[in-house]
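Understanding the architecture of this molecule
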Amino acid sequence: MPRMKAIQAAVQILQREGITHAFGVPGAAINPFYAALRESGTITHVLARHVEGASHMAEGYTRARAGNIGVCVGTSGPAGTDMLTGLYSAAADSIPILCITGQAPVARLHKEDFQAVDIAAIAKPVTKLATTVLEPAQVPGVFQQAFHLMRSGRPGPVLIDLPFDVQLTEISFDVEAYEPLPVHNPAATRIQVEKALDMLEAAERPLIVAGGGIINADAADLLVEFAELVDIPVIPTLMGWGAIPDDHRLMAGMAGLQTSQRYGNANLLASDVVLGIGNRWANRHTGGLDVYRRGRRFVHIDVEPTQIGRVFPPDLGIVSDARAALELFVEVARERRDAGRLPDRAGWVGECAERKRTMLRRTHFDDVPVKPQRVYEEMIKAFGKEVRYVSTIGLSQIAGGQFLHVYRPRHWINAGQAGPLGWTLPAALGVCVADPEATVVALSGDYDFQFLIEELAVGAQFNLPYIHVLVNNSYLGLIRQAQQAFDINYCVQLSFDNVNSPEVGGYGVDHVKVAEGMGCKALRVREPGEILPALEQAKKLMGEFRVPVVVEVILERVTNISMGTEIDNIVEFEELATKGEHAPTALGALDLDQMQFLD
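Residues numbered from 1 in each chain as written. Predicted model: local features only at pLDDT ≥ 70, side-chain atom pairs only at ≥ 80, totals over all residues. Heavy atoms only, no water.

A tally of regular secondary structure across the protein chain gives 24 helices and 21 strands. At 25 Å, the protein chain has a C-alpha radius of gyration in line with the 25 Å of a compact globule built from 599 residues. A sequence separation of at least 24 residues applies to 75% of the contacts in the protein chain between residues at least 6 apart. In the form shown here, the protein chain has an accessible surface area of approximately 22,200 Å², with 51% of it arising from carbon and sulfur atoms. Separation of charge centres in the protein chain, based on 53 positive and 71 negative side chains, amounts to 1 Å. (Helix = DSSP H or I, 4+ residues; strand = E, 2+ residues; numbered from the N terminus. Rg over C-alpha atoms; globule rule 2.2 N^0.38 Å. Contact = heavy atoms within 4.5 Å. Areas by Shrake-Rupley, 256 points an atom, 1.4 Å probe, with all protein chains shown as cover. Lys, Arg positive; Asp, Glu negative; His and termini not counted. Charge placed at Lys NZ, Arg CZ, Asp CG, Glu CD.)

Here six strands make up an open sheet; going across it, the order is β15-β14-β16-β17-β19-β18 and the pairing parallel. Whereas interior strands pair on both sides, the edge strands pair on one side only; in this sheet they are β15 (412-414) and β18 (521-525). Sheet twist, expressed as the mean angle between neighbouring strand axes with direction ignored, is 20 degrees. The pairing of strand β14 (residues 388-391) with β15 spans three bridges and is classified as parallel. Looking at β15, one finds that Val-390 is bridged to Ile-413. Sheet strands touched by helix α24 (residues 531-545): β17 (467-472), β18 and β19 (549-554). Its angle to β18, the strand with the most contacts, is close to 175 degrees. (Pairing = 2+ DSSP bridges. Axes fitted to C-alpha atoms, helices over the stretch in contact; angles between N-to-C directions.)

Turning our attention to the pairing of strand β13 (residues 316-319). Residue alternation in β13 divides its side chains into a buried set, Leu-316 and Ile-318, and an unburied set, Gly-317 and Val-319. Note: strand β12 (residues 297-302) against β13, four bridges, orientation parallel. The partner of His-300 across the bridge, within β13, is Gly-317. (Buried < 20%, exposed > 50% of the residue type's maximum accessible area, 1.4 Å probe, protein only.)

Tallied over the full model, the rule gives five cavities of 30 Å³ or more. The space that makes up the largest cavity amounts to roughly 210 Å³. Looking at the largest cavity, it is lined by 22 residues, and the ones nearest its centre are Gln-261, Tyr-263, Gln-402, Phe-403 and Ala-586. Broken down by secondary-structure element, the contributors of at least two residues to the lining of the largest cavity are α12 (262-270), α17 (372-382) and α18 (395-403). (1 Å grid on protein atoms, 1.4 Å probe; cavity = no way out; pocket = protein on both sides within 12 Å on 5 of 7 lines; lining within 4 Å. Points joined across faces, edges and corners; volume = space filled by probe spheres on them.)

It is at 9 Å that the axes of α17 and α24 come closest, and there the two elements cross at 45 degrees. Here α17 lies oblique to α24, going by the angle between them. The handedness of the crossing between α17 and α24 is right-handed. Of the residues in α24, those in contact with Arg-374, Val-375, Glu-378, Met-379, Lys-381 and Ala-382 of α17 are Ile-531, Leu-532, Leu-535, Glu-536 and Lys-539. (Parallel < 35°, antiparallel > 145°, perpendicular 65-115°, else oblique. Left-handed = near helix turned anticlockwise from the far one by under 90°.)

Attention shifts here to the confidence of the model for the protein chain. Summing up the model confidence of the protein chain, the mean pLDDT is 94 and the portion of residues at 70 or higher is 98%. Segment residues 592-599 is flagged for pLDDT under 50; beyond a separation of four residues in sequence, or across chains, it makes 18 contacts in the model. (pLDDT = per-residue confidence, 0-100.)

The N-to-C vectors of helix α1 (residues 6-16) and helix α2 (residues 31-40) enclose an angle of 55 degrees; their axes lie 9 Å apart at closest approach. As the angle between them shows, α1 and α2 are arranged oblique. The element α1 and its partner α2 pack so that their crossing is right-handed. Only Pro-32, Phe-33, Ala-36, Leu-37, Glu-39 and Ser-40 of α2 make contact with α1, whose side of the interface consists of Ile-7, Gln-8, Val-11, Leu-14 and Gln-15. Classifying every residue of the contact of α1 with α2 by side-chain character gives seven nonpolar, three polar and one charged. (Nonpolar A, V, L, I, M, F, W, Y, C, P; charged D, E, K, R; others polar.)

The next point concerns the nonpolar core. Formed by 82 residues in total, the largest nonpolar core has its most connected members in Phe-226 and Met-379. Core analysis: the second largest hydrophobic core is formed by 52 residues, Val-51, Cys-72, Ala-90 and Val-512 among them. (Core = buried A, V, L, I, M, F, W, Y, C linked by side-chain atoms within 4.5 Å.)

So, about the sheet that holds β13. With respect to topology, five strands assemble into an open sheet ordered β10-β9-β11-β12-β13, the strand pairing being parallel. In the strand order of this sheet, the two ends are held by β10 (234-236) and β13, each with one partner. Strand-to-strand twist of the sheet, defined as the mean angle between neighbouring strand axes without regard to direction, takes the value 15 degrees. Sheet strands in contact with helix α9 (residues 190-202) are β9 (206-210), β11 (273-277), β12 and β13, and its direction is about 145 degrees off that of β13.

Turning next to the environment of Met-359. Examined against the element boundaries, Met-359 turns out to sit in the loop between α16 (346-358) and α17. Taking the C-alpha atoms as reference points, Met-359 and Ala-460, separated by 101 residues in sequence, lie 43 Å from one another.

Rolled over the atoms, a probe with the dimensions of a water molecule shows which regions are left empty. What the second largest pocket holds in volume is close to 330 Å³. Looking at the second largest pocket, it is lined by 20 residues, and the ones nearest its centre are Gly-394, Leu-395, Leu-476, Gly-477 and Leu-478. Looking at the lining of the second largest pocket residue by residue, the classes come out as twelve nonpolar, six polar and two charged.

Our next topic: the environment of Leu-149. Note on placement: Leu-149 falls in helix α7 (residues 139-151). Of the residues examined, Leu-149 reaches a relative accessible area of 21% and is grouped as partly exposed. Residues Leu-149 and Leu-181, spaced 32 residues apart in sequence, show a C-alpha to C-alpha distance of 9.3 Å. Dropping the residues within four chain positions of it, Leu-149 is found in contact with Lys-128 and Leu-129.

Moving on, we get to α12. An α-helix turns once per 3.6 residues; consequently, residues spaced three or four apart project the same way. The element α12 is extensively covered by neighbouring structure, given that eight of its nine residues are classed as buried. Every buried residue of α12 is accounted for by Arg-262, Tyr-263, Gly-264, Asn-265, Ala-266, Asn-267, Leu-268 and Ala-270. Taken together, the buried residues of α12 touch β9, β10, α13 (283-286), α14 (289-293), α16 and β21 (570-571).

Next up on the list: the packing of aromatic side chains. Counted under the stated rule, the structure contains twelve aromatic pairs. When the centroid spacing of 5.1 Å and the interplanar angle of 80 degrees are considered together, the rings of Tyr-447 and Phe-451 count as edge-to-face. Residue Tyr-447 and its partner Phe-451 are both found in helix α20 (residues 446-451); the two are separated by four residues, about one turn of the helix. The exposure class assigned to Tyr-447 is partly exposed, which follows from its relative accessible area of 29%. An aromatic cluster of at least three residues, connected via ring pairs, comprises Trp-281, Tyr-292, Phe-298 and Phe-312. In this structure, Arg-362 packs its charged tip against the face of Phe-365, placed 4.8 Å from the ring centre. Above the ring of Phe-545, the side-chain terminus of Lys-521 is found at 4.4 Å from the ring centroid. (Phe/Tyr/Trp six-rings, centres within 6.5 Å; stacked < 30°, edge-to-face > 60°. Lys NZ or Arg CZ within 6 Å of the ring centre and 35° of its normal.)

This is how it looks when you write it as structure tokens:
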């Protein structure tokens, strides 16, 4: 049996499990891992500037392609605690990433050694497994179990903490005898699917709610096939956006309190039976449950048994991987179609399509400073259907969810539940590593952008080109809007007179200079007519220099984006579209003869 250091065995297992990239920051306690990484020469390492940034890069890498598992690496102590936000974000959205940390030698773990912290105990609530390996011979088994857990059931992150001496101890290990453990996922039964279809057949106005579990299971193709077979409109959640193309006739819009369309909420409120697949009934989607559930029956399908009934009890709960369930739904639906059992849904589908055609928000404003709605209108013009959007939190993300269009799974890459500020930039870099030929467009407000702004240097160093659309109102915009309920505007202003950059006009940080200082390119836009030319120029700069390109749009200071506390009570702060030129890039053709839908 071959003899090698335990950490060499770990790196060989990473290769055997399909890992080709890692993101991290070396340090004393994890240097044996880096030595093994260099010796193997098969895993490309991207050096982050902040260990939290590395964890978000790993997230972006995982989210970009089916089957990917991002790996982030750090030393002992603060490196592990820095990665906790990434672990939380990954756990919240069911994203598998592997976090590897160094640790003090085993004999010193209880002696308050330098940078020795019980990271496994700290990380346990936000991982599927968090463990400090105390016996070198257990290293292969722990890594094998980690990949099994990350892939089975509800996906999620794992942390493996490796004491310095454990890494360096020799063990017997033969990689040729190593095999990944089989993935275990629950699957729906035929009788469950038949009962769910019975409920849909009996409904007059059924809907499908498509969650992120469909994306994780790589089952978007089956979702569309099933929806077309039964002719039922689909409402994706924010994490499921792209599971059905925005321009598909059965795409009924997103529902929710923030990232939603008026027609999406209206279509859900008009439904009588809802089939949720791979979704969590998240509160930003549902709002108050009394409103959301009133007059409707629900079927809920999720891979995690404890999700069934967690938010509210469904009429029928099914524990199943989304792909396994949809394969069976397609099979049974075909049988019923061939037997002439499926009802005609033309009237209901037409109602949903009419709302989608007419219930539009206005995007075309010529105001200076720029209104944010205009930015998204111009983004749609600049980028085609293959663009990959990356965003996390704030009014920028909320407005993006209302006004952008997504046509492919994994082309809206978003931190859904955790929404950590700073996530967007490093996650976009992870997407670039996973898909080097993609057009990647990140979307941030100024505060999100500033949180991990140093990671721009990573994009420049490793030639990871993408476009970062930065909408700058020099405010914590979402928090300022929320403070209205308290009648305050307190501690949310980011504006100041920059003594080195008077040209920013009191907007504070000169993002253009910072980006250029990091080795990137940057453009600043102040008028609506400049946005599209700047985005086109950014594409050219990105191709020429192979670095991130920041396009900063100076917005009006105070903007309120549509949102509310219930899906039937969304506050519209701007005038709605009343003619076609008000919403030229919306997926609808406004008809003044149908204005009753705008009331």
